[in-house]
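This is what each chain is made of:
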Amino acid sequence: MNKRITAFILTCVMIMGITTAYANPDVEHDTETLTYQNYYDGDKSILFAENFSEPVNELWANSSKENFSLEKDGDNAYGKFVKGVINTINFPKIVSDDRLVIEFDYRGKNTGDKYIYLDNSRNVGYGRIYLQKEGKVTGVCEVLGESAKQIDIASGLAEDTWHHVKWGIDVGKGTETVFVDGGEGVTYDFFMDPDTDVRRCMIRTGGDSEYFDLDNIQIYTIDTKPAYTVDSINYSTEKAYPTADAVIKSVNIIKNKDKAVNTSLIIAVFDGDGVLQASTHQPINNADFTGDAPATIALKNELTIPSNFDFSWKIRALIWNDTEDVLIAEKFEDAYNVVLQSPVTRAVFQRDEMNIGKVKVKGIINAKDVVGLEASAVVDPEAFNGDNVDWTPLEYTPGSDTFDTVFSVPAGGWYTIKVRAVLADGGYVQTSIDKIGVGEVFLTTGQSNSSNHGGESAGPGFRLTKAAYDTISMYDVMDGEWALCKDPQFNPYTNANKTPGVTGSTPWPSFANELMENIRVPIGLISIGRGSQPIGNWDPDKNAMYQMTADTLKTFGENGVRAVLFHQGEQNDSDDSEDAQEKYRAAFEKFLTALRADIGWNVPFVIANVGTHGKEAVDEFGNPTGKPAFTSANLKVRAAQQEVCENDPYSFLGPDTDYLVGKDANGKYYRNGNGSDVHFSYDGVIAHGKLWAEFVIKYFF
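Being a predicted model, the structure only gives us computed values, none of them experimental.

**Considering the sheet that holds strand β20 (residues 247-255)**
Here is step 1: Reading across from one edge, β19-β20-β23 is the order of the three strands in this open sheet, with antiparallel pairing throughout. At either end of the open sheet lies a strand with only one pairing partner, and these are β19 (228-235) and β23 (295-304). On average, each strand axis in the sheet is inclined to that of its neighbour by 25 degrees, with strand direction left out of account.
Here is step 2: In this sheet, β23 lies alongside β20 in antiparallel orientation, the contact comprising six bridges. Residue V247 lies in a different strand from β23, and its bridge partner there is T304.

Dropping the structure here:
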């Protein structure tokens, strides 16, 4: 059962089990404020707003500041769109362990928009959740997925009929489930901050005949804290962690509230393959506890940990509701552990002139009496290059629960990196991460021919290039993840969820494949190019493409990439003014000077010599020549790029991609549209990548 289905079932169980706001002892009902307020011109909205430190209308700076009043229609009160009136009722404060439920009656024509939104107050095109802690807004999280931008509450409903809507928000799980007229619930996911303590949300309608029955709106929270939670497991070793042949003697359990059902404690020991090796099962009751103090529950059948136990094994303490046959709480023994935040799988680190890479090792230690930190590296037997590194002490402050240091590893890989905390009693707490590489890292940027716009339509989709070697990775600057390199590249401007139509190829897998044939170490690629960008968009004063480049290089640190591969020029090919060449050169040099000062080191640039839109010249008889159709403006851009490289010892003139026009030796067009387009064809991006590899090898290897 996947996590989404599990979350859906749990949400349904918790929400559907409630019939009224006051029937459940775990329901709370008061504290904050509910404000009715219109946001969209011509639409009606109900805003559920917490007690923010600043006025709601100031937070909603783009609001029309038009509000709702209460109007009577018989015995019922409806929201009526007028100006200048704010009405309030109680609104429950929500904490991270709560499930919020909002129930209301809705009536209207089945036209226009009738949606539940997660606060859309910044006039953006997708739902948002505003997070608050200690009276201040602390973050904004986007809603997951296209379908979760808004939740349709009225599609298919009978017109001019009252319908009951129950909207449950599970704060802890980051899910919400909507039920209309008691039907099957629909669950949506969203991101959220674990420190959230209150939120703001909104119901919106469209049209003049839409109503909410304000008298029947119920807003309440459900306390979802389990009755019991596991605090710790006690071993015969008198250590806070398990060892081979140790005996599990008892478990410390905290009672959060009385539980009036049959409840059991289960201890289970699983080996590294997830196979159950030992277990015990016994009941627990409210009588086992005295007041609010944690109870030490002695095991009736003590459990001996097998002699071949190691830290790949898991020990789980579970509390089970025997009546409903559901899990109430659990604790994994790996809570006493080392948690790595860096490196992550498939990460590649830049090697230095001594053929050594500084692997960033960062994480958290959940253990007591830690006196040291060590790491080792084991190279994959099938790796082209690399050497094992025995356990090596790392920089660490004894007793600290965090670490942020580096581990020197020879070029090569993949490696398995192991990190262990050394304990005062001579024991270790250890973890590991596989597929870590030390080799060559390149940042690629420029305009469309560097960023998922190449390839050609082949049947229902693009023919996409991909890495021929597993040791070629690409990096996502948005979430810090690495993956096998393939097109379309991770890119902050052309990821499928950002720009659905941009899913084409780049030269970078072809470049990396060719390079791997020569250098035989892992390769990492970071793509941040963007289509239709003139050189002026890298001006530091404009703070767009410049800032993305600077921020990415800072993420990787000094000497963290071999070079920036820069492909840009097509967007400047129409400026034929007298000073066009000087303007282009000056803009590029301003960018380089500011960037290097900003990041603190002289990052090398390889700059493509490109100034045309890929047009092929013809002779006097109209026959293709296989050469680019240069204009005077094209030549000025190309000359400026050459000047930049002549003036700057850290910039190198790269491939002359203007000459990739017409057909190759096999009669294949280099460009889309039978050679007429600026973007490269599938064969063109492969040729393009090989050209980049040729120049990178020439300059660096």
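That was the structure; now back to the text.
**Considerations on the pairing of strand β32 (residues 412-423)**
Here is step 1: Burial within β32 is extensive, with ten of its twelve residues counted as buried.
Here is step 2: Alignment of strand β29 (residues 370-379) against β32, held across nine bridges, turns out to be antiparallel. Across the sheet, V379 pairs through a bridge with Y415, a residue of β32.
Here is step 3: What sits between the antiparallel neighbours β32 and strand β33 (residues 428-446) is a turn of four residues, in which G426 has the positive phi angle 95 degrees.

**Notes on the nonpolar core**
Here is step 1: By size, the foremost hydrophobic cluster in this structure holds 87 residues, and its most contacted members are F407, F511, F588 and F605.
Here is step 2: Leave out the neighbours within four places in its chain, and F511 touches F442, L525, L565, G689, W692, A693 and V696.
Here is step 3: With 27 residues, the next largest nonpolar core counts I253, I267, V269 and F289 among its residues.

**Some remarks on the pattern of salt bridges**
Here is step 1: Evaluated as defined, the whole model comprises 20 salt bridges.
Here is step 2: Here E582 makes a salt bridge to R585, at a shortest N to O gap of 2.5 Å. In this pair, E582 and R585 are both assigned in helix α5 (residues 580-599), three residues apart and thus about one turn of the helix distant.
Here is step 3: Under the relative-accessibility criterion, R585 is labelled buried at 16%.
Here is step 4: The partner of R585 in a salt bridge is E643, with the nearest N and O atoms 3.6 Å apart. Linking R585 in helix α5 with E643 in helix α6 (residues 632-647), this pair joins segments that are 58 residues apart in sequence.

**Focus on the packing of aromatic side chains**
Here is step 1: Per the stated rule, a full pass over the model turns up 22 aromatic pairs.
Here is step 2: Where F630 meets Y659, the ring centres are 5.9 Å apart and the plane angle is 70 degrees; that geometry is what we call edge-to-face. Placement of the pair is F630 in the loop between β42 (624-628) and α6 and Y659 in the loop between β43 (651-653) and α7 (672-675), with a sequence separation of 29 residues.
Here is step 3: Judged by relative accessible area, F630 falls into the partly exposed class, the value being 27%.
Here is step 4: With relative accessibility at 40%, the residue Y659 sits in the partly exposed group.

**Some thoughts on the side chain of D648**
Here is step 1: With respect to the helices and strands, the residue D648 is situated in the loop between α6 and β43.
Here is step 2: A polar contact is formed between the side chain of D648 and the backbone nitrogen of Y650, at a distance of 3.1 Å.
Here is step 3: Side chain to side chain, D648 and S651 meet in a polar contact 2.5 Å long.
Here is step 4: Those residues in contact with D648 that lie beyond four places of it in its chain are L592 and R596.

**Some thoughts on the confidence of the model for the protein**
Here is step 1: The pLDDT averaged across the protein works out to 75; a share of 68% of its residues lies at or above 70.
Here is step 2: A low-confidence stretch, residues 1-94 (pLDDT under 50), is modelled with 260 contacts involving residues beyond four sequence positions or located in other chains.

**So, unusual backbone geometry**
With the exception of glycine, most residues fall at negative phi, and the peptide bonds are largely trans.
Here is step 1: Of note, the bond from S342 into P343 is cis; its omega dihedral lies within 30 degrees of zero at 5 degrees.
Here is step 2: Along the chain, G413 connects to W414 via a cis peptide bond; the corresponding omega equals 20 degrees.
Here is step 3: Note on placement: W414 falls in strand β32.
Here is step 4: One non-glycine residue, N355, adopts positive backbone phi at about 65 degrees.
Here is step 5: Within the secondary structure, N355 sits in the loop between β27 (348-350) and β28 (356-365).
Here is step 6: One non-glycine residue, D369, adopts positive backbone phi at about 60 degrees.
Here is step 7: Following the sequence through the fold, D369 ends up in the loop between β28 and β29.

Reading the values: the criteria
Starting afresh in each chain, residues are numbered from 1 along the sequence in its written order. Restriction of local features to residues with pLDDT of at least 70 applies here, the model being predicted, together with a cutoff of 80 or more for giving and counting side-chain atom pairs; totals for whole chains, interfaces and linings are based on all residues. Hydrogens and water molecules were not included; the side-chain quantities draw on all heavy atoms of the structure. DSSP-based pairing: two strands are paired if at least 2 bridges between them are found. Every helix listed is a DSSP run of H or I at least four residues long, and every strand listed is a run of E at least two residues long, numbered separately from the N terminus. Only the contacting stretch of a helix is used when fitting its axis, a line to C-alpha atoms as for every element, and angles between N-to-C directions run 0 to 180 degrees. Under the scheme applied here, a residue whose accessible area is under 20% of the maximum for its type counts as buried, over 50% as exposed, and between as partly exposed, the area being computed with a 1.4 Å probe on protein chains only. We call a set of buried Ala, Val, Leu, Ile, Met, Phe, Trp, Tyr and Cys residues a nonpolar core when their side-chain atoms join them within 4.5 Å. We call two residues in contact whenever any of their non-hydrogen atoms come within 4.5 Å of each other. Every case where a carboxyl oxygen of Asp or Glu lies within 4 Å of a side-chain nitrogen of Lys or Arg is listed as a salt bridge. To pair, rings of Phe, Tyr and Trp, with the six-membered ring standing in for Trp, must have centres within 6.5 Å; the planes then decide the type, stacked if under 30 degrees apart, edge-to-face if over 60, and tilted in the middle. What qualifies as a polar contact is a pair of N or O atoms within 3.5 Å, subject to a donor-acceptor requirement within protein and to the restriction that residues adjacent in sequence count only when both atoms come from side chains. Confidence scores labelled pLDDT are given residue by residue by the predictor and lie between 0 and 100.

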